Amino acid sequence: MEEITKGSKLKVFVEKMSFGGAGIARLDNLVIFVSGAAPQENLLVEITKKKKRFAEAKVLEVISASPFRRETPCKYTDKCGACQWQQFDYQEQKNQKELIFHEMLDKVDFLRGIRINSFLSGEEFRYRNRIQIRTKSKKIGFFKKASNDIVNIKDCLITEEKLTAQFNSILKKYPSTKMQKFELLYDKNDEVILRKDKAHGEEDGFSQVNNQMNEQMQNWVLQQISDTSNNGKIYDLYAGNGNFSRFLENQGLENSLFAIEFSEAAIQRGKKLAGSESKIEWLAAKVEDVVKKIKADENSVLIIDPPRIGCDEKFIDSLKSTGAKDLIYISCNPSTWIRDLQRLREHRDFDILSLDLLDMFPQTYHLEVLSRIRLK
Ligand SMILES: C[S@@+](CC[C@H](N)C(=O)[O-])C[C@H]1O[C@@H](n2cnc3c(N)ncnc32)[C@H](O)[C@@H]1O
């Protein structure tokens, strides 16, 4: 066989999708990650990167299309890097996410064969309530894949229309030939807000971008808490603006609520949203720095919702000292969720009492893992 190098053109069969978004094809011992692929199809691809064990490729021609392939609903997908999976239908996107997750679980002894209760999902388009956009010389949009050029777009199908409807007026108001950055969002009162030169979360800290799925996630948390029948303290760790603690308080839960989060901005936002009657106790700190001070007991629940990098080792190692036995671990990265559970397992046995998946970001490979864990 001819040596495969950058620029080689090959016929491949894409078996399935990978966590990261690309399709997976194999030639002898080489794994080829093909961007823009769909599962179960034959493609002519061009190698764009070649390493010893793997290569990356782009599609030149679809030889026999995946049964799930569709015309991408968004006409900018080929250039824009935001959605990796528009080229195949939504049900199959969910199937692939589940398959990827099962394969990850299968690699770990104590997770193999574990049952996933449900895969929660909602609208596949128009779900984003916040985006970051750039403008430059009459162009408005996102960065092109792996570049600092703007893809000029008139609409973005995963974003709520109320936001994309602002594109023209933003361009008129800011016609500069210099690159400008904006955050465009709307708040709970339906008011559209445009912030110039702001990076994600700079102003108010983290907030969930998909309202419909966030509500499902909050309700899942509520259900898990009632399943524990615990009436003790609830710790909302990595609390952001108190997305879970405020929701639980609004549902009338009488448990004492504590929210720990390191972003002051998020806490200020949370306090404002919670209002003056709220009894939530807020603490601005890194959870790993204060975990040893948590005075929980067997009736307490810890809600753990870290960013993609997962939890700090120090936090996992100190979890047992809190006294709590019920953990609700929500993760936006299955790899770090698994890593953290492996770490926890090193010094504490536990059962996973409930495991569900949730699709917060349709058209992308991202996946939320919702788990309830009982320490033994
Ligand atoms: C995935 S977000 C979840 C926020 C919130 N639970 C929600 O549902 O909106 C993770 C949050 O953890 C915060 N964070 C990251 N590392 C942290 C740490 N070491 N200690 C405390 N908070 C942290 C981030 O600022 C962010 O608000």
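Each chain carries its own residue numbering, running from 1 in the written order of its sequence. Totals for whole chains, interfaces and linings use all residues, but because this is a predicted model, local features are given only for residues with pLDDT of at least 70 and pairs of side-chain atoms are given and counted only at 80 or more. For the side-chain quantities, the full set of heavy atoms in the structure was used; hydrogens and water were omitted.

1. Side note on the sheet that holds strand 7 (residues 130–136)
One key point about sheets: their strands pair by backbone hydrogen bonds, in either a parallel or an antiparallel sense.
Consideration 1: Two strands qualify as a pair provided DSSP detects at least 2 bridges between them. Put simply, DSSP marks the helices as runs of H or I at least four residues long and the strands as runs of E at least two long, and each gets a number from the N terminus on. The sheet built from five strands is open, its strands ordered 9-8-7-10-11 with antiparallel pairing. Strands with a single pairing partner mark the edges of an open sheet, and in this sheet they are strand 9 (150–152) and strand 11 (192–196). Direction aside, neighbouring strands of the sheet carry axes that sit 40° apart on average. What counts as an axis is a line fitted to C-alpha atoms, over the stretch in contact for a helix, and the angles between N-to-C directions run from 0 to 180 degrees.

2. Here's the deal with the domain arrangement of the chain
Consideration 1: For the domains described, the bounds stem from an automatic or database domain assignment. Domain assignment breaks the chain into domain 1 (1–68), domain 2 (95–122 + 210–375) and domain 3 (130–196).
Consideration 2: Each of domain 1 and domain 3 was reduced to a C-alpha centroid, and the two centroids are 33 Å apart.

3. A closer look at the pairing of strand 2 (residues 23–27)
Consideration 1: As judged from the three bridges shared by strand 1 (residues 9–17) and strand 2, these two strands associate in the antiparallel manner. Opposite lysine 16, over in strand 2, you have isoleucine 24 as the bridge partner.
Consideration 2: Sheet topology note: the strand 2/strand 3 (residues 30–35) ladder contains five bridges and is antiparallel. Its bridge partner being in strand 3, glycine 23 is matched across the sheet by valine 34.
Consideration 3: Linkage of strand 2 to strand 3, two consecutive antiparallel strands, is achieved through a turn of two residues, within which aspartate 28 is found at a positive phi near 50°.

4. Section: the packing of aromatic side chains
The description of an aromatic ring pair uses the distance of the two centres, along with the angle that the planes make with each other.
Consideration 1: Working definition: rings of Phe, Tyr and Trp (its six-membered ring) pair if their centres are within 6.5 Å, and the pair is stacked with planes under 30 degrees apart, edge-to-face with planes over 60 apart, and tilted otherwise. Taken as a whole and assessed by the stated rule, the structure comprises eight aromatic pairs.
Consideration 2: Relative to tyrosine 365, the ring of phenylalanine 19 has its centre 5.2 Å away and its plane inclined at 90°; by these criteria the two rings are edge-to-face. Of the two residues, phenylalanine 19 sits in the loop between strand 1 and strand 2 while tyrosine 365 sits in the loop between strand 17 (350–358) and strand 18 (368–375), which places them 346 residues apart along the sequence.
Consideration 3: Each residue is assigned to one of three classes by its accessible area relative to the maximum for its type, calculated with a 1.4 Å probe on protein chains only: buried under 20%, partly exposed between the two thresholds, exposed over 50%. Among the residues examined, tyrosine 365 registers a relative accessible area of 17% and is labelled buried.

5. Some words on the nonpolar core
Consideration 1: Of all hydrophobic cores here, the largest spans 48 residues; its most connected members are Ile133, Val221, Ile225, Leu248, Ile303, Ile328 and Ile330.
Consideration 2: At six residues, the largest contribution of residues to this core is made by helix 4 (residues 211–228).
Consideration 3: Three or more residues apiece are contributed to this core by two domains, here domain 2 (95–122 + 210–375) and domain 3 (130–196).
Consideration 4: In contact with valine 221, other than residues within four places in its own chain, are Phe244, Ile303, Ile328 and Ile330. To qualify as a nonpolar core, a set must consist of buried Ala, Val, Leu, Ile, Met, Phe, Trp, Tyr and Cys residues joined through side-chain atoms within 4.5 Å. In this description, contact between two residues means that some pair of their heavy atoms is separated by no more than 4.5 Å.

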